[in-house]
Amino acid sequence: MSGYYRTRYGEDSALLDTRAQKAWLAVLVVILAVYPFAANVLWLDIANQVLLASIGAIALMLLTGYAGQISLGHAGLLAAGAFTTGILFKELDAPFWATLPASAAVGAALGLVFGLPSLRLRGLYLAVSTLALHFIVIFAGGEYETRRGYSTGIVIDSPLADPRAWYFVLLAASAATLLFALNLLRARTGRAWRAIHARETVAEALGISVQRAKLSAFVISSTLTAVAGCLFAYYRGFVSAEAFSLYLTIQYVAMIIIGGMGSLLGAVLGTVFVVLFPYAIDAAMAGLGLTERLSSVVFALNYAAFGLAMIAFLVFEPQGLVGLWRRARDWVLLWPFKQKPLAR
Amino acid sequence: MQLAVNILVLASLYALICCGYVLIYRVSRVLSLAHGELMMLGAYGLYATASLFSGQPLLGLAAAGVLALAVGLAVYGALMWRMTGESVLAAVLATIALGILLRGAMILAFGTQTQYPLRELGWSNASIPVGAARISAVGVALVLATTLVYGGLFAFLHGTRWGVRMRAAGQHPLLAAQRGIALHGIYALAWGLATFTGGMAGMLIAADAGLESTMVIIGLKAFPAALVGGLDSLAGALLGSLVVAAAEVSLIQYVDPLLSDVVPFVVLLGMLVVRPWGLLGTREELDRV
């Protein structure tokens, strides 16, 4: 008898079901644990940024990639988390264990507000309403800054100073988010999301409450994002409305597009790509010996190259990095035979 | 009186920008979020042609207009035609990516300094008294340009062969294609016209306040006006611009000048809650739950 059979329900719902997967996971854990002791300060900071951004990217992937609700208000939600933390810290001198749940609560409430238009609107109109909410949240944050006299931004003292300690905190947060998302997607909620993504009418006929599924997608995604915003505030030690521009939203959307829609692996790969991108541009410029000549316009170069990369992915590889990875994997697995990858 | 003049000028500006959003959306069901950047590109086009044809400002203006039209056609030819038939999100994201690309490329090409194309043309922005109020020369040009553009577009869409084809393509692309209308040509024309009018708005803003990167924000702020009026209605765009401009100017005047950036979006949210398809938009166009 050849092949791989599952004989118990437990095996069916296990996240890791083959020995090879367990081995690869063990290798990954070891690499992640050793990384901060092998990396220098710059690479440690990059890793922390990736881990931090991955929380937001996974949250957006849940909302857009799985539940199919387009949101252009992601930076606004991050800002809401960060500003809640900043304001509580400044006004009440609140400690970390108070600001984190407070940020989560604000995120959940805002998620409800962001999600309400989705009950009536779809597609483009929903994207536009979240965009409008983004501007309103940023405006409120900026207003707080100017009213209270923190015109340049709010400075927050972080309870953690060591980047290595931050690495493990962020790794734990990111891993917890990933695990939460994986489990959620296998459960009733996640399956309901996929159903409303595929076709709302059919989902409703199957007994799924479309309103509840949509609102839960918004609330859960926003809560995670606001928590990421809170961690962002502590990690940077600084909150200002300028940091949460529309460009940040675009970066997060780019993460899930470049990574590959409808895949958590895609969210993580996309995050790595987008965070590493400016550093890669820097390295390329240093390699070409252009650093001095272009140092004043380096951000413009970043913009242009980022736009190009996004366009390239949208036009040539709509499945994103995950699509590339799957194709490469199939090619290796099937070698020396050739087969077109099955449509997904 | 001054308030009314201010509202009129701002409404004309919004209306001039909006007709780009409306044209593209009405014809190809794509929302172009690169409109602000395309406006800026049009303004830089004027800056370049003004220094090229120094001494002949009218020639410079005409060349800048032709350039903007060509840019729109090129955008469709190079990128947007690949997005036909893709999902809404993909098309919107493609325009966003295009916007980022253009923004970076413009800074690389022209630097970050504020430019004054009006000075290059050798004109000045005089202040003209109208009754008890004053209006700038650029303001007058803005109102005139908007009137001309909307009049021209109306005549074009209803009186010419290409205009009728464009409306047909917007109403039912499949049927239009089967009647032998070349959809790609129509879409390209819509992008060209939208970029032309947007570029015109960009040139006028640059003539008034200088040419800098904040123009992108103005382009985005005009978008709520298009949606308030109804994304597929040109008359609605005029009405929406008037509503948004009136709300913005009077709130700035009586409440708080800082509100300027957020008022259009608040009006937009209110509209989405009450009447998502806009004042004069087509109701069945909206995909509703």
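Because the structure is a prediction, the values reported are computed rather than measured.

A. View of the nonpolar core. Core analysis: the biggest nonpolar cluster contains 201 residues, and Tyr14(B), Cys18(B), Ala43(B) and Ala190(B) have the highest contact counts within it. For this core, the element with the most residues is helix α1 (residues 2-28) of chain B, which contributes 18 residues. A domain split of this core shows at least three residues from each of domain 1 (17-244) and domain 2 (247-344) of chain A. Here Cys18(B) is in contact with Ala222(B), Ala225(B), Ala226(B), Ala237(B), Gly240(B) and Ser241(B), once residues within four sequence places are set aside.

B. Spotlight on helix α11 (residues 246-259) of chain A. All names here are of chain A. The terminal C-alpha atoms of α11, which comprises 14 residues, lie 20 Å apart, in line with the 20 Å expected from a rise of 1.5 Å per residue. Across the 14 residues of α11, twelve count as buried, placing the element largely inside the fold. Restricting attention to buried positions, one finds in α11 the residues Leu246, Thr249, Ile250, Gln251, Tyr252, Val253, Ala254, Met255, Ile256, Ile257, Ile258 and Gly259. One or two residues past the end of α11 sits Gly260, with phi positive at roughly 125 degrees.

C. Main features of the environment of Ala74(B). Residue and element names in this part refer to chain B. Among the structural elements, Ala74 can be located in helix α3 (residues 57-78). Of the residues examined, Ala74 has 14 C-beta atoms within 10 Å and is grouped as partly exposed. Along the backbone, Ala74 and Gln171 are 97 residues apart, and their C-alpha atoms lie at a distance of 24 Å.

D. Representation of the packing of α1(B) against helix α10 (residues 215-229) of chain B within the structure. All names here are of chain B. The interhelical angle for the contact between α1 and α10, taken along N-to-C directions, is 75 degrees, at an axis separation of 8 Å. By the angle between their axes, α1 is roughly perpendicular relative to α10. Two secondary-structure elements touch here, α1 through Tyr14, Ile17, Cys18, Tyr21 and Val22 and α10 through Gly219, Ala222, Phe223, Ala225 and Ala226. Here the contact of α1 with α10 is built from residues that sort into nine nonpolar, one polar and no charged.

E. Geometry of the interface of chain A and chain B. Each partner contributes to the interface: chain A provides 35 residues, whereas chain B provides 32 residues. Every element with two or more residues in the side of chain A that touches chain B is listed here: α6 (123-148), α11 and α14 (298-316) of chain A. Residue composition of the side of chain A that touches chain B, by class: 28 nonpolar, four polar and three charged.

F. Fine view of the environment of Leu258(B). Residue and element names in this part refer to chain B. Mapped onto the elements of the fold, Leu258 is located in the loop between α11 (234-254) and α12 (263-274). Since 12 C-beta atoms lie within 10 Å of it, Leu258 is described here as exposed. For Leu258 and Leu157, which are 101 residues apart along the polypeptide, the C-alpha to C-alpha distance reads 39 Å.

G. Structural context of the packing of α3(B) against helix α9 (residues 183-209) of chain B. All names here are of chain B. Axis separation between α3 and α9 bottoms out at 7 Å; the angle between their running directions is 140 degrees. As judged from the angle between their axes, α3 and α9 are oblique. Judged by the twist between their axes, the crossing of α3 over α9 is right-handed. From α3, Ala64, Gly65, Ala68, Leu69, Val71, Gly72, Leu73, Val75, Tyr76 and Gly77 reach across to α9, where they touch Tyr187, Ala188, Trp191, Gly192, Leu193, Ala194, Thr195, Phe196, Gly199 and Met203. Looking at the contact of α3 with α9 residue by residue, the classes come out as 14 nonpolar, six polar and no charged.

H. Spatial organisation of the domain arrangement of chain A. Residues and elements named next belong to chain A. The domains assigned to chain A are domain 1 (17-244) and domain 2 (247-344). Summarising the inter-unit geometry, the C-alpha centres of domain 1 and domain 2 are found 21 Å apart. Contacts between the two partners involve 23 residues from domain 1 and, on the opposite side, 17 residues from domain 2. Broken down by secondary-structure element, the contributors of at least two residues to the side of domain 1 that touches domain 2 are α3 (41-66), α4 (74-92) and α7 (163-186). Residue contributions to the side of domain 1 that touches domain 2 peak at 13 residues, all from α3.

I. Structural context of the pairing of strand β2 (residues 133-136) of chain B. All names here are of chain B. In this sheet, β2 lies alongside strand β1 (residues 127-130) in antiparallel orientation, the contact comprising four bridges. Residue pairing for β2: Pro129 is matched across the bridge by Arg134. Hairpin connection between β1 and β2: a loop of two residues separates the two successive antiparallel strands, and Gly131 in this loop has a positive phi of roughly 60 degrees.

About the thresholds
- Residues numbered from 1 in each chain as written.
- Chains lettered and ligands numbered in written order.
- Predicted model: local features only at pLDDT ≥ 70, side-chain atom pairs only at ≥ 80, totals over all residues.
- Core = buried A, V, L, I, M, F, W, Y, C linked by C-beta atoms within 7 Å.
- Buried ≥ 20, exposed ≤ 12 C-beta atoms within 10 Å, placed from the backbone.
- Helix = DSSP H or I, 4+ residues; strand = E, 2+ residues; numbered from the N terminus.
- Domains from an automatic or database assignment.
- Contact = placed C-beta atoms within 7 Å.
- Expected span 1.5 Å × (residues − 1).
- Axes fitted to C-alpha atoms, helices over the stretch in contact; angles between N-to-C directions.
- Parallel < 35°, antiparallel > 145°, perpendicular 65-115°, else oblique.
- Nonpolar A, V, L, I, M, F, W, Y, C, P; charged D, E, K, R; others polar.
- Left-handed = near helix turned anticlockwise from the far one by under 90°.
- Pairing = 2+ DSSP bridges.

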